[in-house]
Amino acid sequence: MKAITQTLSEIVSQAFEIAGYDPSLGTVTASDRLDLCQFQCNGAFAAAKLYHKAPFVVAQQVAEILQNDHVFSRVEVAKPGFLNLTLDDSYLLKQTNTIAQDPHLGIPQVEEPAMIVLDYGGPNIAKPLHIGHLRSAIIGESIKRILRAAGHTVTSDIHLGDWGLQIGLVITELQERYPNWRCFSPDFDPAADTVEPLETSMLNEVYPFASAKSKTDANYAKKAHQATYDLQNGRPGYIALWQEILRASVTDMKSNYEKLGVTFDLWYGESNADRYVPQLMEILGEKNLLIESEGALIVDVAEPEDKAPMPPVIVRKSDHSSIYATTDLATIIQREKDFHPDKIWYVVDNRQELHFIQVFRCAKKANLVPPQTEFAFLGFGTMNGADGKPYKTRDGGIMKLEDMIATVTAGAQEKLEASSFVDAADYEDIARKVGVAAIKFGDLINQRAKDYIFDLNKFFSFEGKTGTYLLYTITRINSILKKAGVALEQIAPITHVYTDSERDLLLKILMGGDVFQKALTEKAPNYLCENAYQLAISFSKFYHDNRIIDEPDPEKKQSWLALIALVRRVLCQHLDLLGIEPVEHM
Ligand code: ARG
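Conventions we followed
- Residues numbered from 1 in each chain as written.
- Predicted model: local features only at pLDDT ≥ 70, side-chain atom pairs only at ≥ 80, totals over all residues.
- Heavy atoms only, no water.
- Core = buried A, V, L, I, M, F, W, Y, C linked by side-chain atoms within 4.5 Å.
- Buried < 20%, exposed > 50% of the residue type's maximum accessible area, 1.4 Å probe, protein only.
- Helix = DSSP H or I, 4+ residues; strand = E, 2+ residues; numbered from the N terminus.
- Contact = heavy atoms within 4.5 Å.
- Expected span 1.5 Å × (residues − 1).
- Arc of directions from axis to C-beta.
- Polar contact = N/O pair within 3.5 Å; in protein donor to acceptor, adjacent residues only side chain to side chain.
- Salt bridge = Lys/Arg side-chain N within 4 Å of Asp/Glu carboxyl O.
- Phe/Tyr/Trp six-rings, centres within 6.5 Å; stacked < 30°, edge-to-face > 60°.
- Lys NZ or Arg CZ within 6 Å of the ring centre and 35° of its normal.

Some thoughts on the nonpolar core
Inference 1: One finds Leu8, Phe16, Phe72 and Met404 to be the most contacted residues of the largest nonpolar core, which totals 161 residues.
Inference 2: With 14 residues, the top contributor of residues to this core is helix H21 (residues 554–578).
Inference 3: Filtering out sequence-adjacent residues up to four positions away, phenylalanine 72 remains in contact with Leu8, Ile11, Val12, Leu66, Leu85, Thr86, Leu87 and Asp88.
Inference 4: In terms of nonpolar packing, the next biggest core, distinct from the first, is built from 34 residues, Met115, Ala273, Ala330 and Val348 among them.

In structure tokens, the structure reads:
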């Protein structure tokens, strides 16, 4: 199904054509003066220039043709040449009922589906999963769902940080503490020897300790670099230990991501790209892109139009170890080979933008992908605390994701205890969903690239733009439908428009396709958050103005029930696109 402005543009374009003007002038947009009209077309201004006529005259000619159309109840020309359009209620109803029947519930489908690799999440193993990675997971999950809803094929890849210095640090510290472990022996035999099982709680303690120590102890830092190098060069005991670190970390991550409703098709990491590094070096060598600099190999990626100096990409350090850019470039080779994607998009912290510009330029220079392949960096801002600085726990540490989920679940539970609708047995499940909805919506409502303040009190409010308010609105609709004995998922025709608040709801539902398209084009879930909120507000007004259950007129009651059932489906659809799970009651 097309977005409504698209459908209306076709109708108005035809009118322009009939009046003897270029049809491309008939673009219709949502009105920015809802008090005057629902839609508008400003094509008469461009027509006036092209055809040397007054815009008012052109608009009037077009309006005359449109007046005969059953689509509009009002076609008005406002000086100096605006075309103000208001839909006829019967057309509004017809279109909304078509949305209700549409398998995509009004989401326009792309004509040419693309194959997109979406890189998000990006946690580092051996380090506790902390809230710095929360935004990537939340935003990436939503963008994935939006792309898929439009008909694109998306493969999501978590791209674990599993091959860098942090592993060398953990190995070094474990070796200091347990020098007798077999894995540290140079004659470790993977076929015969085993590795000690590790707990994530232990890793969570070891990594920060080792990282801090390496900053004050140069010798220790050197050992960690050596261990990283040995690991990357396949020392058997280190590989075996690394596999155990990976296993323990990933098990823990999976359970946390699951609680957040975030999933990945691929659990690849930097290590999976390692086998493509020789190929990468060969390609860069063949293309004469490698420059030696102080023992390291670099690629110049500066371009004449650069306004600021563009540092070269280091692809091999002087100690021959790979670094972040190396694994990202090698991963591009791997993705090209496995998926031949049309697009590779990365949802990563804004602070890494330069790294990605360098990587994209290097990949294009080396033809690692065909020229038409699109790279995009979907950067996001920082999650700040009330002090405007990156969010920290009370004691100044970085909050672990696990603790964050526990905190929001407890916060939601406190709120729900006042509710008589929730059985004690359901508390925990509902509380977790409400808590997760609160943080996800609190994040996604912000423009992606902007910093925002993480404020749980605000996120938990039952009023305003919050996930809590949206979940609550859905539960209110659920209870009306249940009281009326109607199935939650019922699809029935809406037959009349009795009041303004209904018209408003219908129009918001109708605009859903346009909002979706905006979110898709700009890769911006915040439009969906805003729209869901606006729809919930309109519902509240409608609910406040009308007594649905007690309505004596059966036809009216039935039409209203059909309308709120559709509102519910559209709200649930929005939440689904945001990666938020509704609750049945709360
Ligand atoms: N692990 C990285 C970090 O914590 C993020 C990875 C982002 N994705 C990528 N392909 N580099 O900073």
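Further notes follow.
Describing helix H14 (residues 401–416)
Inference 1: Over its 16 residues, H14 runs 22 Å from end to end, which matches the ideal 22 Å to within 8%, given 1.5 Å per residue.
Inference 2: Along H14, the positions that sit buried rather than exposed are Leu401, Met404, Ile405, Val408, Thr409, Ala412 and Leu416. All buried residues of H14 project into a common sector of 130° when viewed along the axis, lining one side.

Details of the environment of arginine 432
Inference 1: Along the chain, arginine 432 turns up in helix H15 (residues 427–444).
Inference 2: For the pair formed by arginine 432 and glycine 411, sequence separation is 21 residues and the distance between their alpha carbons is 9.3 Å.
Inference 3: Beyond its immediate stretch of four places on either side in the chain, arginine 432 contacts Lys259 and Thr409.
Inference 4: At a separation of 3.2 Å, a polar atom in the side chain of arginine 432 contacts the main-chain carbonyl oxygen of lysine 259.

A short note on the pattern of salt bridges
Inference 1: The full count for this structure, using the stated rule, is 34 salt bridges.
Inference 2: A salt bridge links glutamate 141 to lysine 144; the shortest N-O distance between them is 3.2 Å. With a gap of 3 residues between them, glutamate 141 and lysine 144 both fall in helix H5 (residues 134–149), about one helical turn apart.
Inference 3: Taking relative accessible area as the criterion, glutamate 141 reaches 1% and is therefore assigned buried.
Inference 4: We classify lysine 144 as buried; its relative accessible area is 2%.
Inference 5: Taking the shortest distance from any N to any O, the salt bridge between lysine 223 and glutamate 176 comes out at 2.9 Å. Residue lysine 223 is found in helix H8 (residues 218–232), and its partner glutamate 176 is found in helix H6 (residues 165–177); the two are separated by 47 residues along the sequence.
Inference 6: Several salt bridges share partner residues, and in doing so they unite Glu141, Lys144, Arg145 and Asp576 into one network.

Thoughts on the packing of aromatic side chains
Inference 1: For the structure shown, the criterion picks out 22 aromatic pairs.
Inference 2: Ring geometry for tyrosine 498 versus tryptophan 560: centroids 6.2 Å apart, planes at 80°, classification edge-to-face. Here tryptophan 560 lies in helix H21 and tyrosine 498 lies in the loop between helix H17 (467–483) and helix H18 (500–510), a separation of 62 residues in the sequence.
Inference 3: Residue tyrosine 498 is classed as partly exposed on the basis of its relative accessible area of 29%.
Inference 4: Relative to tyrosine 543, the ring of phenylalanine 539 has its centre 5.6 Å away and its plane inclined at 20°; by these criteria the two rings are stacked. One end of the pair, phenylalanine 539, and the other, tyrosine 543, are both in helix H20 (residues 526–545), 4 residues apart, so they sit about a helical turn from each other.
Inference 5: Taking the relative accessible area as the measure of exposure, tyrosine 543 reaches 31% and is therefore partly exposed.
Inference 6: Ring-pair connections join several aromatic residues into one group, and the members of that group are Tyr346, Phe356, Phe360, Phe375 and Phe377.
Inference 7: One cation-aromatic arrangement involves lysine 254 over tryptophan 267; the distance from NZ or CZ to the ring centre is 4.8 Å.
Inference 8: Taking the ring centre of tryptophan 345 as reference, the NZ or CZ of lysine 523 above it sits at 4.4 Å.

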